[in-house]
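Spelled out from the first residue to the last, the chains are:
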Amino acid sequence: ARFRPEILDVIVDWDELGRFWAKRNLFTHRGSLVDATFKKVFPDGPPIGAPVDITESEVLDTFDFAAGTRLAFLVAAADLVTPSFGEQFAEAHDHLAIQDLDAQRWWLAEGTARAALAFARTSTTRGIALVNLWLARSGRLGLNAVRAEVDAWDGEAIDPKFGLARLILLGEDEAALTKIIELLALDALNREDLATWPLFTRLRDRGLLDEV
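J.: Tell me what's going on with the overall build of the protein, and back it up with residues and numbers.
T.: Assigned secondary structure in the protein consists of 13 helices and 0 strands. From first element to last, N terminus to C terminus, the protein shows the α and β order α-α-α-α-α-α-α-α-α-α-α-α-α. Its C-alpha atoms put the protein at 60 × 45 × 25 Å along the principal axes. In the protein, buried positions account for 40% of the 212 residues. Across the protein, the fraction of contacts at a sequence separation of at least 24, relative to all contacts at a separation of at least 6, is 50%. Here the protein has roughly 11800 Å² of accessible surface; of this, 55% comes from carbon and sulfur atoms. The distance from the centre of the 23 positive side-chain charges to the centre of the 34 negative ones in the protein is 7 Å.

Here it is as structure tokens:
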């Protein structure tokens, strides 16, 4: 049995894999000096012949990217053997993603979310995976990196909490606070959620939930 192409395209960020692989090859085989091959992958990087430095955080990110991608492949492989495995993982993945988001291990959280997204069978499970994926990506790159995708997503049609997630990911804080108050009144959200969910980390850090 083989992985279906549509599964591979979800579980693997091929562009990022290519960039990580290019860095790996440069440091492993070519003495960390930029050459034409590396320059093709990083056209805005240092000039040919210049040394490339690597930081501790970049090394840790590389390990997390590899671990997240490996996890996604393992889930896909297990689903080939036991076709219900992927769906079960998707439904239960939120706990793993939350741990990694709380630890700011963005690449690992994104790999987990990608695996869940590939096998999500309900709109709710897919919505959770998308939010976790966007939280991880925006953690690395900022809210603008996910704005176009989030803006096109009708989370409210799935569940009001997804409508709230959309507002937070778009940086619409005033509207998000109004929505939070509304959902608290309906018991669709509670204060433990506000205190613990990674979705609310930015609002907590800015003190915006102190008076809610």
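J.: A description of empty space enclosed by the protein should follow, citing residues and the corresponding values.
T.: Under the criterion given, the structure shown has 1 cavity of 30 Å³ or more. Considering only enclosed or pocket space, the largest cavity measures out at about 70 Å³ in volume. Counting only elements with at least two residues in the lining of the largest cavity, the list comes to α4 (56–81) and α7 (106–119). Top element by residues in the lining of the largest cavity is α7. It accounts for 4 residues.

J.: Quick rundown of the packing of α7 against helix α8 (residues 123–141)? Include the residues and the values.
T.: Running from N to C, α7 and α8 cross one another at 155°; their axes reach a closest spacing of 8 Å. Here α7 is positioned roughly antiparallel relative to α8, judged by the angle of their axes. In terms of crossing hand, the pair formed by α7 and α8 is left-handed. Taking contact as the criterion, the partners of W106, W107, A109, E110, A113, R114, A116 and L117 in α7 are, on α8, R126, A129, L130, N132, L133, L135, A136, R137, G139 and R140. Among the residues forming the contact of α7 with α8, the class breakdown is 11 nonpolar, 2 polar and 5 charged.

J.: I'd like a rundown of the pattern of salt bridges, residues and numbers included.
T.: Overall, the coordinates contain 14 salt bridges when judged by the stated rule. Residues E110 and R137 are paired through a salt bridge, measuring 3.6 Å at the closest nitrogen-oxygen approach. Taken together, the residues span a long stretch of sequence, with E110 in helix α7 and R137 in helix α8 at a distance of 27 residues. Here the two residues E110 and R137 agree in accessibility, since each one is buried. Ionic pairing is found between D173 and R206, a salt bridge with its closest N-O pair at 2.4 Å. One end of the pair, D173, is in helix α11 (residues 173–185); the other, R206, is in the segment after α13 (201–205), and 33 residues separate them in sequence. Note on D173: relative accessible area 10%, which makes it buried. Through salt bridges with shared partners, a single network forms among D13, E110, R114, R137, R140 and E149.

J.: So what's going on with helix α2 (residues 14–29)? Residues and values would help.
T.: Look at α2: 22 Å from first C-alpha to last across 16 residues, which is about the 22 Å you get at 1.5 Å a residue. Here α2 has its buried residues at E16, F20, A22, N25 and L26. Contacts from the buried residues of α2 go to α3 (36–41), α4, α7 and α8. A positive phi of about 65° marks G31, the residue just after α2.

J.: Report on the nonpolar core, specifying residues and quantitative values.
T.: Among the nonpolar cores identified, the biggest contains 45 residues, and I11, L164, I180, L189 and F200 are the most heavily contacted of them. Elements with a minimum of two residues in this core: α1 (5–11), α4, α5 (85–92), α7, α8, α10 (160–169) and α11. Excluding anything up to four places from it in sequence, I11 contacts A72, F73, A76, R114, A115 and A118. In terms of nonpolar packing, the next biggest core, distinct from the first, is built from 6 residues, A22, L26, V34 and F38 among them.

J.: Give a detailed account of the packing of α5 against α7, specifying residues and quantitative values.
T.: Two elements in contact, α5 and α7, have axes whose closest approach is 8 Å; the angle formed by their N-to-C orientations is 125°. Between α5 and α7, the crossing angle belongs to the class labelled oblique. For the crossing formed where α5 meets α7, the hand is left-handed. Only T112, A115, A116 and F119 of α7 make contact with α5, whose side of the interface consists of G86, E87, F89 and A90.

Criteria and thresholds
- Residues numbered from 1 in each chain as written.
- Predicted model: local features only at pLDDT ≥ 70, side-chain atom pairs only at ≥ 80, totals over all residues.
- Heavy atoms only, no water.
- Helix = DSSP H or I, 4+ residues; strand = E, 2+ residues; numbered from the N terminus.
- Buried < 20%, exposed > 50% of the residue type's maximum accessible area, 1.4 Å probe, protein only.
- Contact = heavy atoms within 4.5 Å.
- Areas by Shrake-Rupley, 256 points an atom, 1.4 Å probe, with all protein chains shown as cover.
- Lys, Arg positive; Asp, Glu negative; His and termini not counted.
- Charge placed at Lys NZ, Arg CZ, Asp CG, Glu CD.
- 1 Å grid on protein atoms, 1.4 Å probe; cavity = no way out; pocket = protein on both sides within 12 Å on 5 of 7 lines; lining within 4 Å.
- Points joined across faces, edges and corners; volume = space filled by probe spheres on them.
- Axes fitted to C-alpha atoms, helices over the stretch in contact; angles between N-to-C directions.
- Parallel < 35°, antiparallel > 145°, perpendicular 65-115°, else oblique.
- Left-handed = near helix turned anticlockwise from the far one by under 90°.
- Nonpolar A, V, L, I, M, F, W, Y, C, P; charged D, E, K, R; others polar.
- Salt bridge = Lys/Arg side-chain N within 4 Å of Asp/Glu carboxyl O.
- Expected span 1.5 Å × (residues − 1).
- Core = buried A, V, L, I, M, F, W, Y, C linked by side-chain atoms within 4.5 Å.

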